[in-house]
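Read off the chains here:
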Amino acid sequence: VTRTKADAKKRAEEVLEKAKSGADFSALVAEYSDDPGSKERMGSVGKFTRDKMVKPFSDAAFALSVDEVSDVVESEFGFHVIKRNQ
């Protein structure tokens, strides 16, 4: 997928707005994610320790309570909206 950084961030912000409005997170992943692996797993990255993900992602994920959605997080892999489910 080729997209400008500004377009990618705007897309992530759109997902964030929908997620915080109560939209089904798995449906958002299916519609918006550019990562084939994430789509296959409906957005789940499974259990992980802080050192298994890049720092911005880990810091955001570990700051969340169960069922909480992060703000848009930027990492070297792009923009992410994270929902903690356990």
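Refer to the structure printed above.
Basis of the calculations
- Residues numbered from 1 in each chain as written.
- Predicted model: local features only at pLDDT ≥ 70, side-chain atom pairs only at ≥ 80, totals over all residues.
- Heavy atoms only, no water.
- Phe/Tyr/Trp six-rings, centres within 6.5 Å; stacked < 30°, edge-to-face > 60°.
- Helix = DSSP H or I, 4+ residues; strand = E, 2+ residues; numbered from the N terminus.
- Buried < 20%, exposed > 50% of the residue type's maximum accessible area, 1.4 Å probe, protein only.
- Contact = heavy atoms within 4.5 Å.
- Arc of directions from axis to C-beta.
- Salt bridge = Lys/Arg side-chain N within 4 Å of Asp/Glu carboxyl O.

Asks: Help me understand the packing of aromatic side chains, please; the structure alone is not making it clear to me.
Replies: Applying the stated rule across the entire model yields two aromatic pairs. Plain terms: the ring middles of Phe-48 and Phe-62 are 5.6 Å apart, the flat faces sit at 85° to each other, and that makes the pair edge-to-face. With Phe-48 in the loop between helix H3 (36-40) and helix H4 (55-63) and Phe-62 in helix H4, the pair connects residues that are 14 residues apart, well separated along the chain.

Asks: What am I meant to see in the environment of Val-29 here?
Replies: For Val-29, the position within the fold is in helix H2 (residues 25-32). Relative accessible area serves as the criterion here: at 10%, Val-29 is assigned to the buried category. Taking the C-alpha atoms as reference, Val-29 lies 11 Å from Leu-16; in sequence the two are 13 residues apart. In this view, Val-29 contacts Ser-38, Lys-39, Met-42 and Gly-43; residues no more than four positions away in its chain are not counted.

Asks: Please explain H4 as it appears in this structure.
Replies: Two residues of an α-helix separated by three or four positions point the same way, owing to the 3.6 residues in each turn. Every buried residue belonging to H4 is among Phe-57, Ser-58, Ala-60 and Ala-61, and all of these are buried. On an axial view of H4, the arc spanned by its buried residues comes to 170°, and they lie on one face. Structural note: H4 exposes Lys-55 and Ala-63 on the side pointing more than 90 degrees away from its buried face. If you follow the buried residues of H4, they end up packed against strand S1 (73-75) and strand S2 (78-80).

Asks: Where do I start with the pattern of salt bridges in this structure?
Replies: When the charged atoms of two side chains lie near each other, side chains of opposite charge can form a pair. Summed over the entire model, instances satisfying the criterion amount to six salt bridges. Where Glu-74 meets Lys-5, a salt bridge forms, and the shortest distance between an N and an O atom there is 2.9 Å. Here Glu-74, found in strand S1, pairs with Lys-5, found in helix H1 (residues 5-20); they are 69 residues apart in sequence, far enough to count as distant. The class for Lys-5 is exposed, based on a relative accessible area of 55%. Note that Arg-50 is salt-bridged to Asp-59, the shortest N-O span being 3.3 Å.

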